[in-house]
Number of protein chains: 4
Amino acid sequence: MKIEKSYHILPNETVLFNNRVDYCVGTGRMGLALQREYFEQLKLVQKYIGFKHIRGHGLFHDDMAIYQERRDNPWDKNSPVHIEYNFTYLDFVMDSYRELGLKPFLELGFMPKALASSENRVFVWGGHTSPPKDYKLWRDLVQATLRHLIERYGAEEATSFPVEVWNEPNLPGFWEKADMQAYFKLFDETFAAVKEVDERFKVGGPAVCGGSDELWISEFMKHCSEKRLKIDFVTRHHYATEQPDRSGHYVYQELMEPEKGFSNLKSTRDIIDGFPEYKGLPIHITEFNTSYSPDNPIHDTNLNAAFICHQLSRLGDINESYSYWTFGDIFEEVGVPFAPFHGGFGLVANGCIPKPTFWSFAFFKKLVGGECVHRSDEAVVVKDGETYKGVLWNHALKREGRELSLKFLLPLKGELCLITETVDEQTCNPLKLWHDLGEPRSLSAEQKELLRSAAYPLVESRRISSSGETELEFNLSEFGVIYFELRPAPLTPDRGYDYERSVKL
Amino acid sequence: MKIEKSYHILPNETVLFNNRVDYCVGTGRMGLALQREYFEQLKLVQKYIGFKHIRGHGLFHDDMAIYQERRDNPWDKNSPVHIEYNFTYLDFVMDSYRELGLKPFLELGFMPKALASSENRVFVWGGHTSPPKDYKLWRDLVQATLRHLIERYGAEEATSFPVEVWNEPNLPGFWEKADMQAYFKLFDETFAAVKEVDERFKVGGPAVCGGSDELWISEFMKHCSEKRLKIDFVTRHHYATEQPDRSGHYVYQELMEPEKGFSNLKSTRDIIDGFPEYKGLPIHITEFNTSYSPDNPIHDTNLNAAFICHQLSRLGDINESYSYWTFGDIFEEVGVPFAPFHGGFGLVANGCIPKPTFWSFAFFKKLVGGECVHRSDEAVVVKDGETYKGVLWNHALKREGRELSLKFLLPLKGELCLITETVDEQTCNPLKLWHDLGEPRSLSAEQKELLRSAAYPLVESRRISSSGETELEFNLSEFGVIYFELRPAPLTPDRGYDYERSVKL
Amino acid sequence: MKIEKSYHILPNETVLFNNRVDYCVGTGRMGLALQREYFEQLKLVQKYIGFKHIRGHGLFHDDMAIYQERRDNPWDKNSPVHIEYNFTYLDFVMDSYRELGLKPFLELGFMPKALASSENRVFVWGGHTSPPKDYKLWRDLVQATLRHLIERYGAEEATSFPVEVWNEPNLPGFWEKADMQAYFKLFDETFAAVKEVDERFKVGGPAVCGGSDELWISEFMKHCSEKRLKIDFVTRHHYATEQPDRSGHYVYQELMEPEKGFSNLKSTRDIIDGFPEYKGLPIHITEFNTSYSPDNPIHDTNLNAAFICHQLSRLGDINESYSYWTFGDIFEEVGVPFAPFHGGFGLVANGCIPKPTFWSFAFFKKLVGGECVHRSDEAVVVKDGETYKGVLWNHALKREGRELSLKFLLPLKGELCLITETVDEQTCNPLKLWHDLGEPRSLSAEQKELLRSAAYPLVESRRISSSGETELEFNLSEFGVIYFELRPAPLTPDRGYDYERSVKL
Amino acid sequence: MKIEKSYHILPNETVLFNNRVDYCVGTGRMGLALQREYFEQLKLVQKYIGFKHIRGHGLFHDDMAIYQERRDNPWDKNSPVHIEYNFTYLDFVMDSYRELGLKPFLELGFMPKALASSENRVFVWGGHTSPPKDYKLWRDLVQATLRHLIERYGAEEATSFPVEVWNEPNLPGFWEKADMQAYFKLFDETFAAVKEVDERFKVGGPAVCGGSDELWISEFMKHCSEKRLKIDFVTRHHYATEQPDRSGHYVYQELMEPEKGFSNLKSTRDIIDGFPEYKGLPIHITEFNTSYSPDNPIHDTNLNAAFICHQLSRLGDINESYSYWTFGDIFEEVGVPFAPFHGGFGLVANGCIPKPTFWSFAFFKKLVGGECVHRSDEAVVVKDGETYKGVLWNHALKREGRELSLKFLLPLKGELCLITETVDEQTCNPLKLWHDLGEPRSLSAEQKELLRSAAYPLVESRRISSSGETELEFNLSEFGVIYFELRPAPLTPDRGYDYERSVKL
C-alpha cells in the first residue's frame, strides 16, 4: 500500500503549533537516580534532546530515606521516637539532575512506610499508597523537604520546581481504594503546606490516568472551586493502548486510535474551561506513552517512534506540556528487567542504546525556535531563519505495509542543501539487530558497541539548485521517521578544488 | 556493469595471508604531535584500529628543539658555544604516544639547522636535508637521544623501537643531490652509533621511494655486504599514482595499476634475497598510500577506501609491515590546509571525522587472529573460532559503474547471525555531505557533529537458519567496502518474549 | 609525653614482613555498587591504593534481583511458578569492578526472600539470614551464578574469584539462631555445588567474627576433617573495640589492646595447624577495622589511621590477607547516613573525601615490592632498589599527649633526597575542618572541594649530603602517620641554574 | 626580624579597591595555543582563577598561517600570486579559548613574513617586526580576520574582543628602529580598518613597555588628539625588575621598589588626563610581572607570589586592567625550556604544576564581589554577605628574614569558623621539592604527581566563639601569602554526634 500526499507551502503563511517537546520527561523512581547507568542514560538524553524538567515517583519512598523515625535505643521499643529528615540522597539526586541541566517536576509521594496508614502498596518495590497516618507529620515532611531545597538552591530556583500532589489517585493500587474525598483532603493539606513555605511554588493535581479521568477532573475542579483554591495547573496522564495480553514477562497490547485519546484530552480541557475562574489554566500531561506497561515490547520498536511523532505534533494544542514516560530503562516497577530489550518505557535501552523513539524527540527538539509553516497528520515543517526544517512520519496502529510519499513545494530558491536523517526499520533499528544476535540477555562490551552503532539515524544529503520554488519528495517506509533540513548553501570551493573531478576521477 | 563471482570455502582449508595491518602508521612531523587536535585524532584511530608503531619525519627538526647550540652570551657572537640537548618536547611526544599504546618507529632525521651543511630544505616548514657539518656532532646527537629514551623508558622498552636512517635519500629534496655515497656514509656512521648505545636496537634503511628504488636498494645491499653490516631490516616506500596535475591548492592524479606496484615491491625482495647473508631480511614499507601528495582529494574518497583494501590484502606477502601515510590530517608539508576536506593523507579529517579509508583499516584489524580461509582480488575471509569474518571491496582505478556481487558458500550451519558493516558512497561518505553543505572551510560545532554522524558504517544484520553449508551473497556498489561476520547465534528468547509479535503487532 | 626511639639499620639485614595491604577491601552490600557515588569513591581508592579484590554482603539479596520466582499470571496465586535467574544487575556490578581493576571475593549470601525459611533478617535493609527452604534451589542458584560468571568472563578468570560461604554465622542476627550444624550443612552443600561447577574455584569459610570464634573455628575444622573436605582457606573477622555506648545516631567505644586481638588471631592459626591435613592453610581475614559499628566516629579520625598502620604491620604474619571493612561510605546497614562525617567504615567519606586511614593504606601500598629492613611497633622500613621507604605511626588507644621521635641510621650515602608525607591532626584532618564549619549535613560543592583540599598529606622534602650512614629523625605528633622515601638524588642543575641564588636573591 | 601590625575594622566602613584580577591574562604566542599541554595548563588556570580575556603575540605570525601568498605553480616564480587567508588554526585556537570561557584580547601583530618590509625579527621563533610592505595588504588582512571572527561567532560577540595595535613598538627589536612615526602610521591605518569593519570594536595602543614610555604615551596621545582619533583605551606594560645578569640559560635580576613602578604608571594616567578629550580613558596594562625575562627563576618562587599580591592590591587604582604575563610555561621566546622549573613567566609549570603565584591570583579572585573594608600594604579584606575574606602577604625585595604578624579586629560575633589557606616556603613550594629531587629535567609521571601534591595551599581551620568583635592574628613567614575566610558557622551537630568525644576518646 502506497499513499501519496503533496503540500504547497506559501511564503509568509504560518500555522499554529505549540511545540513543548522538551518541557519534561519521566523517570523511574527517584531512588534509582542514584545509579551510575541511570546517569549515563540521562546524560545521553540531555546531550541530544535536552529536557528542562524531570518527573518521577518515589520522592518519599523509603529508599530515599528522607523521613525517619528512630528510637533513642533502636533495640528498645519503648524508647522515645525521634522524627528526623535525612537529605543525603535527595542532595545526590538533585545535584546530579542539575549537573545535567534539569529541574525536578516534584511529585509529592508515595508515603514513607512509617507514615502510611495501611499496607496498601504498589509495584515490586512496594511504594506505600495509603493516606498519612497523621496529616501534621505529612505537612511537616513536605515543608521540610521544600525548605531544604530552598536552603540548598536558593528560593528563586527552588520555587521554579513545579509541585504535583500524588500520582494516579483514581487507581486503587496507587491510592487506597481510589478514595476521592481522601485525595481531596491530601490535596488541600498539601497545597496549603506548600504555599505556606513560599507562595511562588506552583502546585497542581490530580495526576489521574485515563478511565475515570472525566469524573475525577470534574470533581477535582468543583472541589477547588468550592474551596477557592488558586491552583496553578491541572495534571493528568495519557496512554494509547487497549487491554494487555500477558505472556511470561511480557504484555502485548493493541494501539488505540489516536483521535480517541485526543478527544479524551479535550474533555479535560473543556471541563476546566467550564469554570470561569480556571479557564485556560495550564494542563500538564505528566505521563504519556503508547503503552502504560513497562514490559510491552512496543516501546522498543520503530512503530512506537512514528506513533509518538504523531502525538508530539498534537499534544501541545491544548496542553502546556506532555512528559514521556520515561527517559531510560533503569526502572523496577515490575522488577529488574531480564534483558536489555524488554519493552521498557525508556528512550534509551540499558547499555546506553538509544531506541527509535529517542530520535522522535531529538527531531522535534530541532524544530524548537522555528515558526511552523505546515502541520498535517504526517508532518510538521517550520522555518528557522532561512532554513526549513521538518519531521515526517509514517505511523499506523499496526503493520499493514503502508508506504508513504510526501511532497512539499517550498518557497526557497537558489543553491540549497537538503539533509535528511532517517530512522526506520532498515536504518536505525537496534531491536532487530539484538534479535538477530539471538536476543542475548547479557551484552558483552563489544555487543553494546555494535548495538549503539546501529542505533543512530542514517544521514544523507543532496544539493539542489532551484530557480523558483523547491520541490522535495520524501519516501517513508513503514513506521519510518525522517528529519530534514533545507538550507541555502552556496558552493564556496577552495581555490582549485573540484569535487566532481575528485570523485569522478 | 555488474560482475559476479562465487566461491566455495571448504572446511579445514587455509590460505596464506600475512595480516600486518596494525603494525605501523605514519604521521606528520613529530613537532605536530604536541597538538591537541592531533592527539584527539590519534586517540580515535587507536580506539578503532589500535596501531602498534608510529613513524614520521622531523625528530631532529628544530621545532622539537632537541639539538641546541647556545652561546654563553647570546648577543655576543664571540662568546663560547655550548652544545646541549633539550628533551622537553620529546618527552611530551613520547609520553602521549605511550598513553595511546604506541611505540615510535624512529626515523632519524632531518638535520637540525645548526648541524646542516647547506641550505637544502624540504617542505613549507623547511626541514634541513643536508649531511651533518660534523659527523661527531651527529653521532652524539643520535646517541644522546637514544640514551635519553633508555633512561626514561628502560632499555628493554626503548630498544624495541625500530630505527630507520633518514627518509627518501633518493630524492634531492630530501637528501642533498640525492647523493648515494653521502647517504651510505650517513648510514654507516649512524648504524655504528646506534649499535654502540645498545646492540639490541634494530636498525635499517634506506627508506627510498619509488623511481630509483631498484638502483638504490641494490647498491645499498651491496654496500652493507661489503661493509659486513648486520642490518636488521630494509625499508622503502610505496605509492600508487601517476604524474600529478596541479590546480590551485590541489593536485589530481590517475591511479597506477596495482600489479605494477606489487611487481616493483617484488624486485626489492628479489634484490635482497640475492644476497645470501640477507636472504629473508624483513622489509618494512615505512610509507604507503595511493597518492604521495597531501593535497590530492582522492584520499578523502570511497574509491581510496576500496583501493587500500586491495593493498592491505597483498602487502604482507613479502613485507614485514606497511605503514599508511598518515593517520590524521594535522600535517603541514605543503602548508596548513585551508579546508577540513583537502585531500590530506589522514585516515581522519580535521574535526575528528573518520574518512572511508579509516574503516578499511578498522575492518582488516578485525581479521587479526583469525585463520585465513579465502583470499581473492576482492575479498579476504578468516575463521576465528566458530565465526567467519570477511572484508570485501569493489576497487577500480576509476569510476566506471562497476557493481560487484560476491557469493560465498561457507561450511557453517545452524542458527546463525550475519552482521554487515557497509562503507560506500551512499552510506558512509562524509566528503559528499561536506560538498553538499557547500564545502565550508570553517566548520561549526554542529557541522562537525553532523559530518561525524555521516562517517560511520551502516550496520545491518540478518538471521540465517542453515542446515548445511550457508550461502551468503554480498552486493557491493562502486567503491564499496563491506565487513561481515557470520556467527552461531541460537535464539535464546526470554520467557514470553516473542519478537515477531512485538514488531508485527 | 615524648617518647624517643632510635634504630640502626645495617646493610643486607632483612626482616620478615608479609605485606598484603592490597589483597582485598570490603564494601557495603553489592546492590549499592550500582551507585554513581559508590563508583567515584571506589575509583579514588583504586587510583591511590589499587586493591585486587573486593568483598561484601548481599550478592543474593533481593535488590540484586538474581533469584526470581514468578508466576505465569502474577495476579493469580494458583498460576504456575517459574524459577529464573536475572543477571542484569550482577553484570553492571561486575563490569564496573573490572573497569577498576578489581575481582570479587565472592561471599555467598544472604538468602533471597523467596528462598528464606524464616523471617530472620538483618540490617535496616533486611537481609534474609535463614537457611534455604530447599537446598536444591540454593545449589541451583549458586551454580547458575558461577556458571554465568564463567560464561561472561571465561573460566580461568571466574575461577580466580575466591568463594566464601555466608557471613558471621556465629551471630544469630546473621544466621538464624547461630545454628552451627545448620551452617555446616549449608557449607557442605555449597562447597560441593561450587566444586561441581569447576574444581578450580577456591572455597572457604566460616567467616566468623570474634566472640565465639575459637569454638566455631575448632568445630568447623573438625567438621571439614571428618567430611574430608579439601577446603582452600579459612576465613574470619577481626575488630578491635570494646562494648559500644550509644547516643542518638552514634556509638562510642574504647579500643582494645592490639595484642589481645593478635593473640585471638593466633589461636585460629593454632587450631588450624593442629590438623595435619590443614596445617598452613591460608587464613583470610575477610573483615577488619577498629570498630564494627558503621556509626562510630572513630573511623573518621587520625587516631584510626595510626592504629590501622599498626594493624597493617602485623596482620600478614599469620594471615594470607586482611580486608578493611570498608572502602567507602555508601553503606546502609544502619540506614542512610545523615551527614558526610558519621563514623562510617569507609576510607572515603561521602563527597569523595579521603579520610586519614585512606593514607595508611596508600602508604603501605608504596612499600609493596620492597624488601623489609626494619619492623618495630611504630615503623616498617623497606629497601626498594637503592631507595629506602618507610611508614611510621604514633598509635595509642586514646589521647594521652604522646609525641614520638623516631631516629634511623640508614646505610645510604651520597647526595640524597628525603621526601615525607605527613598525615596528622594538623596537616590532614578533614573531620576537624568539617567540625569547624559547623558540621554541615548537606555539603555545597564549594565545601566538598574545600574538604578535599584538606584531606591530602602534607608533602615535604629535604636534601641530605651524607658521606657515611645517614641519620633521619622523624617527629610524630599524636596519632601522626608519616611516609618517607630516602633516595639518591645527585644534583643535576641546568647550565646556569643556581637554586640558592634564585631563592636567596 | 618580626614586624607586627594591627588593624581595627569598623562596621559600615568601606575602602576603595578596584579588583580587576580576572580581567585578562597573558599567553605565549598564539600558535602555541594549539598544543595539548598548553590547553591543560589553561584549563587548570580557568578552574581556579577564571580569567575573562587572554592576550598574546603572534596572531599574524606564520605558524598561524593566516596570511598566504601562493603561486599558481609553486615551482614557477613567474606564475601569478594569490593572496589568501587561512583560518584553520585560528578557528582551533579561538574555539579552545571559548571552550574555557575566554575571549581574546586581540593584539594585532606581528607581520607575516610575506608582508614584512625587512628582516627585522624578534625571539627565537623569529617574529617579523617591520612595517608592512604594503598597507593595503595589511588592512585587508586585519579586516578579513575580524570579519571571519564576526562570521563565526556573531558580531555582538566578536566586537566584544578588545583590539590592540602591535606590541612594544618603543623597542627596536619589536618594531623596526622603534620608529615612532612609522608606528603612528600603522596605528592610524589599523584603527581605521578595524572601525570600518564594525564601529563597536574597541581599539587602543600603543602597548609600550617601560623606559621610553612617558615620551611614547605623550606623543601617542598628541598624535591621536591631532588626528581626532576616538581611541577606546590606552595600553602599556609594567615590569618590576632592574638590569639582568645572565648565567647560562638563566638571568637574575633585583626587584625594583614597587612605588617606583606605581609612580611610573601614574605618569601615564596624568599624561592621558592632560588631554581633556581623553580624560579618564581606560588604561589596560596588557603585560605585567616581576621580571620581563622568561628565564628568571624568580617567577617560580614564593617571593614572587607575595610581591604580586602587593601589585594586585594596587594596580586597579588607576588602571582598567592588568594582565599577568603569562598564564603558563608553554612559551618559546628564548627557546624551548630545558627544565620544568626554569623561571618561566607562567602561573603553571610544565607538567600542570601550579606555582605559588597561581594562588595569589586564585586568592584575589575569591575577593571579587565583596566590598572592601581594609586595604593596607600587606592586606586586603572584603566583606561578602556576612563573611569576611582577606588576602595577606609578606612581600619584600629580597630575603631578609622578615616575619610579619597581622592582627585584625573585625565586627563579627557569634559562632564563627575561620579558614586559612597558606602558601609559603614551607607549605606550598614545588620549586623547593623539585630542587630537593636533584632538579630533574625530565619528570616521570610519579614525580609530576608528587610535585603537584606539594603545590596546593595548606588548609587550616578554627572555630571561634566571640561575643563582641573578633580578633584574628595571622603570622606570615617570609614571602608567605594567606587567604582567610571568617564566617558565621553555628554548630549543627547531628543527633548524638559529639565531636569532642569522637576525637578525645
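Up top is the structure.
Remember, it's a predicted structure, so these values are computed and weren't measured experimentally.

Caption draft 1: Looking closely at the overall build of chain A. The secondary structure content of chain A amounts to 12 helices and 26 strands. Taking 2.2 N^0.38 as the reference for a compact globule, 505 residues should give roughly 23 Å; the C-alpha atoms of chain A span a radius of gyration of 25 Å, in line with that estimate. Here chain A holds 505 residues, and 65% of them are scored as buried. Residue pairs in contact within chain A that sit at least 24 positions apart in sequence constitute 75% of those at least 6 positions apart. If you sum the accessible surface of chain A, you get close to 17,300 Å²; carbon and sulfur atoms cover 49% of it. Counting 58 positive and 75 negative side-chain charges, chain A places the averaged centre of each group 2 Å from the other.

Caption draft 2: Layout of the interface of chain A and chain B. With 61 residues of chain A at the interface, the matching set in chain B holds 61 residues. Summing both partners gives a buried area of about 5,500 Å² for chain A against chain B, and 53% of it is carried by carbon and sulfur. There are 6 salt bridges connecting chain A and chain B. Where E449 of chain B meets K47 of chain A, a salt bridge forms, and the shortest distance between an N and an O atom there is 3.9 Å. Where chain A touches chain B, the interface holds 33 residue pairs in polar contact (both at pLDDT 80 or more). Where the side of chain A that touches chain B is concerned, the elements lending two or more residues are α1 (36-48), β13 (245-247), β14 (250-252), β23 (414-423), α10 (430-436), α11 (445-453), β24 (458-466) and α12 (499-504) of chain A. Partitioning the side of chain A that touches chain B into residue classes produces 29 nonpolar, 13 polar and 19 charged.

Caption draft 3: Spotlight on the sheet that holds strand β21 (residues 387-393) of chain C. All names here are of chain C. Taken in spatial order, the 6 strands line up as β19-β20-β21-β26-β23-β24 in an open sheet, and their pairing is antiparallel. The open sheet has two edge strands, β19 (371-376) and β24 (458-466), and neither has a second partner. Between one strand and the next, the sheet's axes are offset by a mean angle of 15°, whatever the strand orientation. With 9 bridges connecting them, strand β23 (residues 414-423) and β24 associate as antiparallel partners. Bridged to E415 within β24 is S465. Set on the sheet, helix α8 (residues 302-312) makes contact with β21, β23 and β26 (481-488); between it and β21 the angle comes to about 125°.

Caption draft 4: Just the relation of the copies chain A and chain C, in detail. The two copies are related by a screw motion: chain A maps onto chain C through a turn of 180° and a shift of 0.0 Å along the axis, at an RMSD of 0.0 Å. Taken together, the turn and the small shift mark the pair as related by a two-fold rotation axis. When you check the interface residues of chain A against chain C, 100% turn up at the interface there too, and the contact is symmetric in its surfaces.

Caption draft 5: Representation of the side chain of Q68 of chain B within the structure. Within the element layout of this structure, Q68 of chain B appears in strand β4 (residues 67-71). A polar contact is formed between the side chain of Q68 of chain B and the backbone oxygen of A65 of chain B, at a distance of 2.9 Å.

About the cut-offs
- Residues numbered from 1 in each chain as written.
- Chains lettered and ligands numbered in written order.
- Predicted model: local features only at pLDDT ≥ 70, side-chain atom pairs only at ≥ 80, totals over all residues.
- Heavy atoms only, no water.
- Helix = DSSP H or I, 4+ residues; strand = E, 2+ residues; numbered from the N terminus.
- Rg over C-alpha atoms; globule rule 2.2 N^0.38 Å.
- Buried < 20%, exposed > 50% of the residue type's maximum accessible area, 1.4 Å probe, protein only.
- Contact = heavy atoms within 4.5 Å.
- Areas by Shrake-Rupley, 256 points an atom, 1.4 Å probe, with all protein chains shown as cover.
- Lys, Arg positive; Asp, Glu negative; His and termini not counted.
- Charge placed at Lys NZ, Arg CZ, Asp CG, Glu CD.
- Buried area = accessible area lost by both parts, 1.4 Å probe.
- Salt bridge = Lys/Arg side-chain N within 4 Å of Asp/Glu carboxyl O.
- Polar contact = N/O pair within 3.5 Å; in protein donor to acceptor, adjacent residues only side chain to side chain.
- Nonpolar A, V, L, I, M, F, W, Y, C, P; charged D, E, K, R; others polar.
- Pairing = 2+ DSSP bridges.
- Axes fitted to C-alpha atoms, helices over the stretch in contact; angles between N-to-C directions.
- Least-squares fit on C-alpha atoms with pLDDT ≥ 70 in both.

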